Amino acid sequence: MSMKELGVVGRNVGQRDLESHARGQTTYYEDVHYPRMLHLKMHRSAEPHANIVRVDTSAAEASPGVVCVLTHEDLPGKKVWNGLAAVGVGPEDEPILAFDKVRWRGEPIVAVIGESAEAARAGAAKVEVEYDPLPGVFDVEEAMSGEAPALTAHWPNNHYIYPDDHAAAQIRFGDVEQGFAEADHIVEDKYQTSPIEQAPMETNGCIAKPGGDGRITVHTNTQAVHFARDNTAAILGLAPGKLRFLGGTVGGGFGGKVDVAVEPISVLAAMRTGRPVKFKYTREEEMQVSSTRSAWRLFIKDGVMNDGRIVARKITSYQDSGAYLRFSSYGSMKHAGHMPGPYTIPNVWVDARVVFTNRPPSSAMRGFGVMAASFAIELQMDKVAKTIGMDPWQLRLLNAYRNGDMRAHRKVNEDAAMVETIQAAARLAGHDLPADYQAMTSWDRKAS
Amino acid sequence: MEDKLIRLTVNGRDEAVIIQPLATLQDVLRDTLELTAVKSGCGQGGCGSCSVLVDGELRLSCLTLAERAEGAEVTTLEGLNATNAIVPLQQAFVENYAAQCGYCTAGMVMAAKALLDRNPAPSRDEIVEGLSGNLCRCTGFAPIVRAVQQAAQALSDTGEEAS
């Protein structure tokens, strides 16, 4: 097929909204103005782990310009939820507004709705919460040690149990212990990634506006408009048809706008007051409260032959989910499926666990679960190369997956390009490869 | 403190607006005059998405008290399109794919305009310096710099103003 027939491949294609952006005509959620619009601000937990003894909203209610105050008692439907409940992920563990306990610093407790953002902020600051602080746990291994406090009754050892009763997302391929026994070298290390905030230019937010027909229109910057609509309906016990979500224009998301963090409580506030309600995260909330990429801890053990072939790889990893599940079980499944990286290894063992700590809940960010795996695996490849005294480019070419190889999660490779990519990168970087490595292809392992 | 009437010129139009105490220029532009190209990424002067021109100088509207703009001439991104025609600076952003989500774009274009108004032939380093108060999170700095370079080139080729 010629390039002309392909139409767009190999050509510059116009970006539909680019001129609109350049002229300042793109309408983001908060570019919609309604008369008599109210503003919502959240009173959040000051403690990372505590029993709630008492919540007193009287001063907030009396604060000038405050119109309405919402606690967990005002929630008409669910009190706790998980965004993936509709596809069978559970149990639902996260309070929409905290009631008996708080499990991370910043957890929402009371929503305060005011005539202006400043009135709502001032009112939210006047909510009084009395805490009975509990010991917190902030490290994934400590959380699972048996000595840490259990965050919820769902998981006594603070780690997720998959619906098939497995404690981890698992890969079992070949016999990893046999591989280690036959290997010339054992290379082991521990790797740690950090939580990372997506930090979009536009913070999370929405405007919920009641209509005369009993429906609520929601202008939102969610990355997942139908998902947000369905979850909002489920949380509030509404028919989805009562909600009209308008979205699709997102001022940067990167995974940071899929948690349905603002819509349910804004819709409830709009229903209660009969007025449009805007809930916009401040930059501080976006940085400190909105979910981050999970931090991952990985332990990797490789069995390696003198010629560079990796014959066994065992990985145990811990995803720090923070205080609640959100999408972490999905993240760890992707994480496990990404093992053992773009390499064909005959014996692979992976346990990828989701662990709960008193940190802010983590969630999606570009390459959910995958980036931490690639980070650790590629550092490990360099360590292997150094240990056996082999060029790290050649080590990767030797072990790179080829078409037809069975991967550890039992998918046959069909579109490998790893060998050619490394060869091209070596050419661009001016790194000389021996003739037999230059001759390797994704179709023929025998070249090595 | 009481509400106050202020007069200012915005995009060539005389405006009289009632402001609350401590209202920012951003509040007036975005919420009163509904010039929503002005964005609000941080509200604390850290991102540049609210950048406008006040008497020709680049200003962060979120940190500018509305009161201080009394009698001033304010230009927002909307003000570049007095006629419906797209201006060369905007066209350069389009041709260089210098936006993805678009949220930083208004501030970027205004920072670029302020730069080109005072220095019509900036070096690459001067462009980077001129845009240094404006953040982009979609990894778009390189195309944005190229767009400003193209706009400066167009300016020198035609002898016209960039915007």
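Residues numbered from 1 in each chain as written. Chains lettered and ligands numbered in written order. Predicted model: local features only at pLDDT ≥ 70, side-chain atom pairs only at ≥ 80, totals over all residues. Heavy atoms only, no water.

**Examining the overall build of chain A**
Item 1. The helix and strand inventory of chain A stands at 14 helices and 19 strands.
Item 2. In terms of principal-axis extent, the alpha carbons of chain A reach across some 80 × 65 × 35 Å.
Item 3. Relative to its full complement of 448 residues, chain A shows a buried share of 54%.
Item 4. Of the contacts made within chain A by residues no fewer than 6 positions apart, 78% connect residues no fewer than 24 positions apart.
Item 5. Total accessible area computed for chain A in this model is approximately 19,000 Å², and 52% of it derives from carbon and sulfur atoms. (Helix = DSSP H or I, 4+ residues; strand = E, 2+ residues; numbered from the N terminus. Buried < 20%, exposed > 50% of the residue type's maximum accessible area, 1.4 Å probe, protein only. Contact = heavy atoms within 4.5 Å. Areas by Shrake-Rupley, 256 points an atom, 1.4 Å probe, with all protein chains shown as cover.)

**Let's talk about helix 3 (residues 105-118) of chain B**
Residues and elements named next belong to chain B.
Item 1. With 14 residues, helix 3 should reach 20 Å at 1.5 Å per residue; the first-to-last C-alpha distance of 20 Å fits that figure.
Item 2. With 12 of 14 residues buried, helix 3 is to be regarded as a mostly interior element.
Item 3. Among all positions of helix 3, only Thr-105, Ala-106, Gly-107, Met-108, Val-109, Met-110, Ala-111, Ala-112, Lys-113, Ala-114, Leu-115 and Leu-116 are buried. (Expected span 1.5 Å × (residues − 1).)

**Quick look at the nonpolar core**
Item 1. If you look at the biggest cluster of nonpolar residues, it comprises 96 residues, and the most contacted ones within it are Leu40(A), Leu70(A), Ile113(A), Tyr160(A) and Ile265(A).
Item 2. A per-element tally of this core places helix 11 (residues 370-388) of chain A first, with eight residues.
Item 3. Looking at which domains feed residues into this core, each of domain 1 (29-133 + 198-288) and domain 2 (169-193 + 291-447) of chain A gives three or more.
Item 4. Listed in part, the 40 residues of the second largest apolar core include Phe254(A), Ala114(B), Ile127(B) and Ala151(B). (Core = buried A, V, L, I, M, F, W, Y, C linked by side-chain atoms within 4.5 Å. Domains from an automatic or database assignment.)

**As for the environment of Gly256(A)**
Residue and element names in this part refer to chain A.
Item 1. In this fold, Gly-256 is placed in the loop between strand 13 (243-246) and helix 8 (263-273).
Item 2. Judged by its relative accessible area of 4%, Gly-256 is buried.
Item 3. Apart from residues no more than four positions distant in its own chain, Gly-256 is found in contact with Gln-198, Asn-204, Gln-223 and Ala-364.

**Considering the sheet that holds strand 12 (residues 216-220) of chain A**
All names here are of chain A.
Item 1. Pairing is mixed in the open sheet, where seven strands are placed in the order 3-7-1-14-11-12-13. This sheet does not close on itself; its edge strands, each paired only once, are strand 3 (66-70) and strand 13. With direction set aside, neighbouring strand axes in the sheet form an average angle of 25°.
Item 2. As judged from the five bridges shared by strand 11 (residues 205-210) and strand 12, these two strands associate in the antiparallel manner. Paired with Pro-210 across the two strands is Ile-216, which belongs to strand 12.
Item 3. Against the sheet, helix 4 (residues 117-125) engages strand 1 (38-44), strand 3 and strand 7 (108-114), with an angle of about 25° to strand 1.
Item 4. On top of the sheet, helix 7 (residues 225-236) reaches strand 12 and strand 13; it is set at about 150° to strand 13, its chief contact. (Pairing = 2+ DSSP bridges. Axes fitted to C-alpha atoms, helices over the stretch in contact; angles between N-to-C directions.)

**Some words on the domain arrangement of chain B**
Residues and elements named next belong to chain B.
Item 1. Once the domains are mapped, chain B shows domain 1 (4-80) and domain 2 (88-158).
Item 2. Centre-to-centre separation of domain 1 and domain 2, based on C-alpha positions: 21 Å.
Item 3. With 15 residues of domain 1 in contact, the opposing surface of domain 2 contributes 13 residues.
Item 4. Our count for the domain 1 to domain 2 interface comes out at three residue pairs in polar contact (both at pLDDT 80 or more).
Item 5. Grouping the amino acids of the side of domain 1 that touches domain 2 by side-chain chemistry returns six nonpolar, eight polar and one charged. (Polar contact = N/O pair within 3.5 Å; in protein donor to acceptor, adjacent residues only side chain to side chain. Nonpolar A, V, L, I, M, F, W, Y, C, P; charged D, E, K, R; others polar.)

**Quick notes on the packing of helix 7 of chain A against helix 8 of chain A**
All names here are of chain A.
Item 1. Packing of helix 7 against helix 8 leaves a shortest axis separation of 9 Å and a crossing angle of 60°. Here helix 7 is positioned oblique relative to helix 8, judged by the angle of their axes. Relative to helix 8, the crossing made by helix 7 is right-handed. Facing Ala-228, Thr-232, Ile-235 and Leu-236 of helix 7, the residues of helix 8 in contact are Glu-263, Pro-264, Val-267 and Leu-268.
Item 2. A per-class count over the contact of helix 7 with helix 8 returns six nonpolar, one polar and one charged. (Parallel < 35°, antiparallel > 145°, perpendicular 65-115°, else oblique. Left-handed = near helix turned anticlockwise from the far one by under 90°.)

**A word on a negative patch on the surface**
Item 1. A cluster of like negative charges, contributed by Asp14(B), Asp55(B), Glu57(B) and Glu73(B), occupies part of the molecular surface.
Item 2. Here Asp14(B) shows up in strand 2 (residues 13-19). (Patch = residues over 30% accessible without salt bridge, like charges linked within 9 Å, V, L, I, M, F, W, Y side chains within 5 Å. Salt bridge = Lys/Arg side-chain N within 4 Å of Asp/Glu carboxyl O. Lys, Arg positive; Asp, Glu negative; His and termini not counted. Charge placed at Lys NZ, Arg CZ, Asp CG, Glu CD.)

**Structural notes on the packing of aromatic side chains**
All names here are of chain A.
Item 1. Considering all chains together, one arrives at eight aromatic pairs over all chains under this definition.
Item 2. In this structure an aromatic cluster arises from ring pairing among Trp-155, Tyr-160, Tyr-162 and Phe-356.
Item 3. The cationic tip of Lys-314 hangs over the ring face of Trp-349; the distance from NZ or CZ to the ring centre is 4.6 Å. (Phe/Tyr/Trp six-rings, centres within 6.5 Å; stacked < 30°, edge-to-face > 60°. Lys NZ or Arg CZ within 6 Å of the ring centre and 35° of its normal.)

**Focus on the packing of helix 2 (residues 88-95) of chain B against helix 5 (residues 141-158) of chain B**
All names here are of chain B.
Item 1. Contact geometry for helix 2 and helix 5: axes closest at 8 Å, N-to-C directions at 140°. Classified by the angle their axes make, helix 2 and helix 5 are oblique. Like other packed secondary-structure pairs, helix 2 and helix 5 cross with a definite hand, here right-handed. Seen from helix 2, the contacting residues are Leu-89, Ala-92, Phe-93 and Glu-95; seen from helix 5, they are Ile-144, Ala-147, Val-148, Gln-150 and Ala-151.
Item 2. Its residues assigned to classes, the contact of helix 2 with helix 5 shows seven nonpolar, one polar and one charged.

**Points about the side chain of Asp320(A)**
All names here are of chain A.
Item 1. Within the element layout of this structure, Asp-320 appears in strand 17 (residues 310-322).
Item 2. Among the polar contacts listed, one links the side chain of Asp-320 to the backbone nitrogen of Gly-322, at a separation of 2.9 Å.
Item 3. Here Thr-357 takes part through its side chain, which lies 2.8 Å from a polar atom of the side chain of Asp-320.
Item 4. Those residues in contact with Asp-320 that lie beyond four places of it in its chain are Phe-138, Val-140, Ser-294, Ala-295, Val-355, Thr-357, Arg-359 and Ser-362.

**Topic: the domain arrangement of chain A**
Residue and element names in this part refer to chain A.
Item 1. Annotation of chain A at the domain level lists domain 1 (29-133 + 198-288) and domain 2 (169-193 + 291-447).
Item 2. Placing the centre of domain 1 and that of domain 2 at their C-alpha centroids yields a distance of 40 Å.
Item 3. Listed as interface residues are 21 residues of domain 1 and, on the opposing side, 20 residues of domain 2.
Item 4. Summed over both partners, the interface of domain 1 with domain 2 buries about 1,600 Å², with 54% contributed by carbon and sulfur atoms.
Item 5. Among the residues domain 1 hides against domain 2, the three largest losses belong to Trp-104, Gln-198 and Asp-259. Together they make up 32% of the total.
Item 6. A salt bridge links Arg-326 to Asp-259, with the shortest nitrogen-to-oxygen separation between them at 2.9 Å. (Buried area = accessible area lost by both parts, 1.4 Å probe.)

**Description of the sheet that holds strand 10 (residues 185-192) of chain A**
Residue and element names in this part refer to chain A.
Item 1. Strand order in this open sheet of five strands is 9-18-17-16-10, and the pairing throughout is mixed. At either end of the open sheet lies a strand with only one pairing partner, and these are strand 9 (169-173) and strand 10. Mean inter-strand twist for the sheet, computed between neighbouring axes without regard to direction, equals 10°.
Item 2. Helix 10 (residues 328-337) rests against strand 9, strand 16 (295-304), strand 17 and strand 18 (347-356) of the sheet, and its axis sits at about 160° to strand 18.

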